[in-house]
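Commentary on secondary and tertiary structure
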Amino acid sequence: MRIDKYLKVSRLIKRRTVANEACDNGRIFVNGKVVKASYDVKPGDIIEIHFGERVLKTEVLTISEHAKKADAPAMYREIT
């Protein structure tokens, strides 16, 4: 699954277009590397999202094409 879609389905970012723009602006890192929106996410990947001064670091646990709001947090684990 593309990273922009994963970020939207997992509800880490509200809209896919916003996730796509974040990738284009170099704010999304996977395993320490800047990625484009077309990057293929795999379980075990470490995703870093830079929101200005704040950085959200998560590990991909599962990938699902559709997730309900209650099921979305089970797709990833936050790393502190």
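This text goes with the structure placed above it.
Note that the structure is a prediction, hence the values are computed from the model and not measured.

Scoring rules and cut-offs
- Residues numbered from 1 in each chain as written.
- Predicted model: local features only at pLDDT ≥ 70, side-chain atom pairs only at ≥ 80, totals over all residues.
- Heavy atoms only, no water.
- Helix = DSSP H or I, 4+ residues; strand = E, 2+ residues; numbered from the N terminus.
- Rg over C-alpha atoms; globule rule 2.2 N^0.38 Å.
- Contact = heavy atoms within 4.5 Å.
- Areas by Shrake-Rupley, 256 points an atom, 1.4 Å probe, with all protein chains shown as cover.
- Lys, Arg positive; Asp, Glu negative; His and termini not counted.
- Charge placed at Lys NZ, Arg CZ, Asp CG, Glu CD.
- Pairing = 2+ DSSP bridges.
- Buried < 20%, exposed > 50% of the residue type's maximum accessible area, 1.4 Å probe, protein only.
- Arc of directions from axis to C-beta.
- Salt bridge = Lys/Arg side-chain N within 4 Å of Asp/Glu carboxyl O.

**Focus on the overall build of the protein chain**
- The secondary structure content of the protein chain amounts to two helices and five strands.
- Walking the protein chain from its N terminus toward its C terminus, one meets helices and strands in the order α-α-β-β-β-β-β.
- Compactness check: the protein chain gives a C-alpha radius of gyration of 11 Å against a globular reference of 12 Å for 80 residues, within 12% of the reference.
- The dimensions of the protein chain, computed from C-alpha atoms along their principal axes, are 30 × 25 × 20 Å.
- The long-range share in the protein chain, meaning contacts at least 24 apart out of those at least 6 apart in sequence, stands at 36%.
- Working note: accessible area of the protein chain is about 5100 Å², and carbon and sulfur atoms make up 50% of it.
- Where the 16 positive side-chain charges of the protein chain centre and where its 11 negative ones centre are 4 Å apart.

**A short note on the sheet that holds strand 3 (residues 46-51)**
- What the five strands build is an open sheet, ordered 2-1-3-4-5; its pairing is antiparallel. The open sheet has two edge strands, strand 2 (33-34) and strand 5 (76-79), and neither has a second partner.
- Note that strand 1 (residues 28-30) and strand 2 share two bridges and pair antiparallel. Considered in strand 2, the bridge of phenylalanine 29 is made with valine 34.

**Brief notes about helix 2 (residues 16-24)**
- Turning to helix 2, its buried residues number three or more, namely Ala19, Ala22 and Cys23. The buried residues of helix 2 occupy one face: seen down the axis, they fall within an arc of 100°. Turned more than 90 degrees from where helix 2 packs its buried face, Thr17 and Asp24 sit exposed.
- Considering only its buried residues, helix 2 is in contact with helix 1 (3-9) and strand 1.

**With respect to the pattern of salt bridges**
- Scanning the entire structure with this criterion turns up four salt bridges.
- Here lysine 5 makes a salt bridge to glutamate 65, at a shortest N to O gap of 2.8 Å. Of the two residues, lysine 5 is situated in helix 1 and glutamate 65 in the loop between strand 4 (54-60) and strand 5; the sequence distance between them amounts to 60 residues.
- Given a relative accessible area of 24%, lysine 5 falls into the partly exposed group.
- On the basis of relative accessible area, glutamate 65 is assigned to the partly exposed category, the value being 44%.
- Salt bridges linked by common partners bring Arg2, Asp4 and Arg16 together as one network.

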